[in-house]
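Here's the letter readout for the chains.
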Amino acid sequence: MMIELKNITKIYEVNKNNIVTALDNINLEIREGELVVLKGASGSGKSTILSLIAALSKPTSGEIVVETSRVSKLSDNFASDFRRDNIGFVFQKYNLIPALSVKENIILPLVPLNLHVKEIEEKLIRVLKMFHIEHKENQLVKNLSGGEQQRVAIARANVNNPKIILADEPTANLDEKLSLSFIEILKELKAEGKTIVVATHDPLFFNLEIVDRVVEIHQGVLL
Amino acid sequence: MILTPEVLAILILNAIFALFGMVAFVLSVKIYLNWDINSTSTAQYRLEKQSSLAATIIKYIFSIKVPLFIFFIFTLDKISNVLTGAMCAAGVVDATEQGTYLIVLKIINLYLFALWLKLNAEDVKDRNQPHTKLKFGFFALIFFLFIVEVILEWVMFSAIEIDKMVSCCGSIYSSSANSGISSIFSLGTAALLALFYGNYLLIVLFYFLKKRYLFAVTNMLFVVIAIIALILFFGTYIYELPSHHCPFCFLQRDYYYIGYLIYGMLFVGTFYGLVVGFFKESILSYKISLLFNSLYVILLSLYVVVYYLKNGVLL
């Protein structure tokens, strides 16, 4: 799925005296199946780009087109549908629900789809196997290690088999070994033809073979 | 001024609605004048946020205003207990100069508000929001009627004097009444029934022919004809009294509140009939309209048939 950001500006107006320009008239094109790393310091605008692609927020001006869909023009209801059908989002802090089990967390995005139990089961088993967490299926996520929690978060992002994976600082809370393990997962996802955008300042990503492009961003401007 | 808990509730709600409606009105005018769904400018994105806010405000106001009509009628009926001479809501409506105008305006607004809700529902169903400009332009227009209704309601409740004698429905809805109502009594029963059933048959015909504009027009006519037929003819069979023509008494407990069902069916049937004229793909609206109009006709006709079977004569 091709992603296009056209003349995107995003301004956060905290109050009249505190206006932050997170993105300043940026243009970016991400081709289908590409793995792009957004590199930049904290506050540079990386996460804002991800949230705009995922239709979690709207730009101040400009347009985001995913395939043929003008996602920046979608109303809230249609934006939710778009996210559900096309986007898998891996958050820095995983955003899992601690009181739920691994299985329950993973199938959560499928609830609004009213799928048959058998179909849900099939999707669940696919991602449990893919990310090697079958044996943790019934454990509460609060009892898992950081690396395991991240695998659950990735499994949840993939359970609906989205075409786009967005990862925001995915290795920020992981040691080097677990970070390398995450990169292995990215390889598998890329091999499946998914379009992947990773926002990170972790140098581990910048010279990887699987990374097609590293896009540097500084104070809301692409370098 | 009469201030029962029901009247207070209506007036407070009206004040809240008018306040929020004003905000929505200002936003609606801005959106109507500047909306361009294809634009990716800052101004357009701001309008999109504002349209979401304005639509939510209007939706909530109208979603409450539509059923509030029933509460308004119920309130009038309740007030009639404290007005000397009034036997039902008709006496309260007739107690002030504004009463009749308010009822007519409320009926018109009922359809307009429901139509806006339908327009909004159609708009948000489509990702391109094709009716946004129209729905806010439409609101900007009906907002004035809404405000007139709020003012008239206030004026009417203010003008009611408890110690003043008012007319009862028996004298208001009679051929000898000194009002415009008496003029409808000049219609002959045969002509009236021909109009009533003829209009209904046309609705059925246009349903099968799927002529949406004609279907909508016949439904619009049916609102008026059905109410006149109810007052002049069918009402007498509900009351089983040849001289009683009140369109309000059967809203009371003595008649098992049947009036709410009768008017409800007429409103739903004719409203969806109008919807057919406004929105192209509305097979469901066609069906709902025909179903409720048919139920209305069948129910009223049954009163006549049952009376005849019980008594062997017609009134």
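Residues numbered from 1 in each chain as written. Chains lettered and ligands numbered in written order. Predicted model: local features only at pLDDT ≥ 70, side-chain atom pairs only at ≥ 80, totals over all residues.

Let's talk about the overall build of chain B
Here is step 1: Regarding its fold elements, chain B presents ten helices and zero strands.
Here is step 2: Ordered by position in the sequence, the α and β elements of chain B form the string α-α-α-α-α-α-α-α-α-α.
Here is step 3: Rg of the C-alpha trace for chain B: 22 Å, near the compact-globule value of 20 Å for 315 residues, within the 12% margin.
Here is step 4: Structurally, chain B occupies a C-alpha span of about 75 × 55 × 30 Å along its principal axes.
Here is step 5: The buried share of chain B, taken over its 315 residues, is 38%.
Here is step 6: Here the contacts in chain B between residues at least 6 apart in sequence split such that 67% fall between residues at least 24 apart. (Helix = DSSP H or I, 4+ residues; strand = E, 2+ residues; numbered from the N terminus. Rg over C-alpha atoms; globule rule 2.2 N^0.38 Å. Buried ≥ 20, exposed ≤ 12 C-beta atoms within 10 Å, placed from the backbone. Contact = placed C-beta atoms within 7 Å.)

Here's the deal with the sheet that holds strand β4 (residues 61-66) of chain A
Working definition: the strands of a sheet are paired by backbone hydrogen bonds and lie parallel or antiparallel to each other.
Residues and elements named next belong to chain A.
Here is step 1: Here four strands make up an open sheet; going across it, the order is β2-β1-β4-β5 and the pairing antiparallel. Of all strands in the sheet, those bounded by a partner on one side alone are β2 (18-30) and β5 (69-70).
Here is step 2: Bridge analysis of β4 against β5 gives two bridges, and the strand direction is antiparallel. From the neighbouring strand, Val66 faces β5, where its bridge partner is Ser69. (Pairing = 2+ DSSP bridges.)

Thoughts on unusual backbone geometry
Here is step 1: Backbone geometry at Asn161 of chain A places phi at a positive 50 degrees, although glycine is not the residue there.
Here is step 2: Mapping Asn161 of chain A onto the fold places it in the loop between α5 (146-158) and β7 (164-168).
Here is step 3: A tally of 12 C-beta atoms within 10 Å means that Asn161 of chain A is categorised as exposed.
Here is step 4: Positive phi values are uncommon outside glycine, yet Tyr256 of chain B reaches one of about 55 degrees.
Here is step 5: Counting through the fold element by element, Tyr256 of chain B comes out in the loop between α8 (212-239) and α9 (258-278).

Here we look at the packing of helix α4 (residues 99-125) of chain B against α9 of chain B
All names here are of chain B.
Here is step 1: For the pair α4 and α9, interaxial distance at closest approach is 11 Å and the crossing angle is 55 degrees. As summarised for this structure, α4 and α9 are arranged oblique, according to the angle between their axes. Taken as a pair, α4 and α9 cross one another with a handedness that is right-handed. Two secondary-structure elements touch here, α4 through Leu110, Tyr111, Ala114, Leu115 and Lys118 and α9 through Phe267, Phe271, Leu274, Val275 and Phe278.
Here is step 2: Its residues assigned to classes, the contact of α4 with α9 comprises nine nonpolar, no polar and one charged. (Axes fitted to C-alpha atoms, helices over the stretch in contact; angles between N-to-C directions. Parallel < 35°, antiparallel > 145°, perpendicular 65-115°, else oblique. Left-handed = near helix turned anticlockwise from the far one by under 90°. Nonpolar A, V, L, I, M, F, W, Y, C, P; charged D, E, K, R; others polar.)

Digging into the nonpolar core
Here is step 1: Counting 82 residues, the largest nonpolar core has Ile58, Cys88, Ala89, Ala90 and Cys169 of chain B as the members making the most contacts within it.
Here is step 2: Among the elements that make up this core, the one with the highest residue count is helix α2 (residues 42-79) of chain B (twelve residues).
Here is step 3: Look past the residues within four positions of Cys169 of chain B in its chain and what remains in contact with it is Met87, Cys88, Ala90, Gly91, Cys246, Phe248 and Cys249 of chain B.
Here is step 4: The next biggest cluster of nonpolar side chains, apart from the first, holds 56 residues, and it includes Ile8, Val90, Ile154 and Leu189 of chain A. (Core = buried A, V, L, I, M, F, W, Y, C linked by C-beta atoms within 7 Å.)

Concerning the environment of Ile30 of chain A
Residue and element names in this part refer to chain A.
Here is step 1: Mapping Ile30 onto the fold places it in strand β2.
Here is step 2: Take Ile30: there are 23 C-beta atoms within 10 Å of it, and that puts it in the buried class.
Here is step 3: Aside from chain neighbours lying at most four places away, what touches Ile30 is Met2, Ile3, Val36, Thr195 and Val197.

Here we look at α8 of chain B
Here is step 1: The largest bend along α8 of chain B reaches roughly 50 degrees and is located at Leu230 of chain B.
Here is step 2: Glu240 of chain B lies just past α8 of chain B and shows a positive phi near 55 degrees. (Bend = angle between axes of the 7 residues up to and from the residue.)

Thoughts on the environment of Ser72 of chain A
Here is step 1: As for its placement among the helices and strands, Ser72 of chain A is situated in the loop between β5 and α2 (76-86).
Here is step 2: Setting aside anything within four residues of it in sequence, one finds Ser72 of chain A in contact with Leu52, Lys58, Pro59, Glu63 and Ile64 of chain A.

Quick word on the domain arrangement of chain B
One frequently used descriptor of interface size is the decrease in accessible area upon assembly of the parts.
All names here are of chain B.
Here is step 1: The domain architecture assigned to chain B consists of domain 1 (5-159) and domain 2 (169-311).
Here is step 2: For domain 1 and domain 2, the distance between their C-alpha centres works out to 25 Å.
Here is step 3: Taken together, the contact pairs 15 residues of domain 1 with 15 residues of domain 2.
Here is step 4: At six residues, the largest contribution of residues to the side of domain 1 that touches domain 2 is made by α4.
Here is step 5: Within the side of domain 1 that touches domain 2, the residues separate by chemical class into ten nonpolar, one polar and four charged. (Domains from an automatic or database assignment.)

With respect to the sheet that holds strand β8 (residues 195-200) of chain A
Residue and element names in this part refer to chain A.
Here is step 1: With mixed pairing, six strands are arranged side by side in an open sheet as β6-β7-β8-β3-β9-β10. Here the strands that pair on one side only, and so sit at the sheet edges, are β6 (87-90) and β10 (221-222).
Here is step 2: Here strand β3 (residues 35-39) pairs with strand β9 (residues 213-218) via four bridges, running parallel. Bridged to Leu38 within β9 is Val215.

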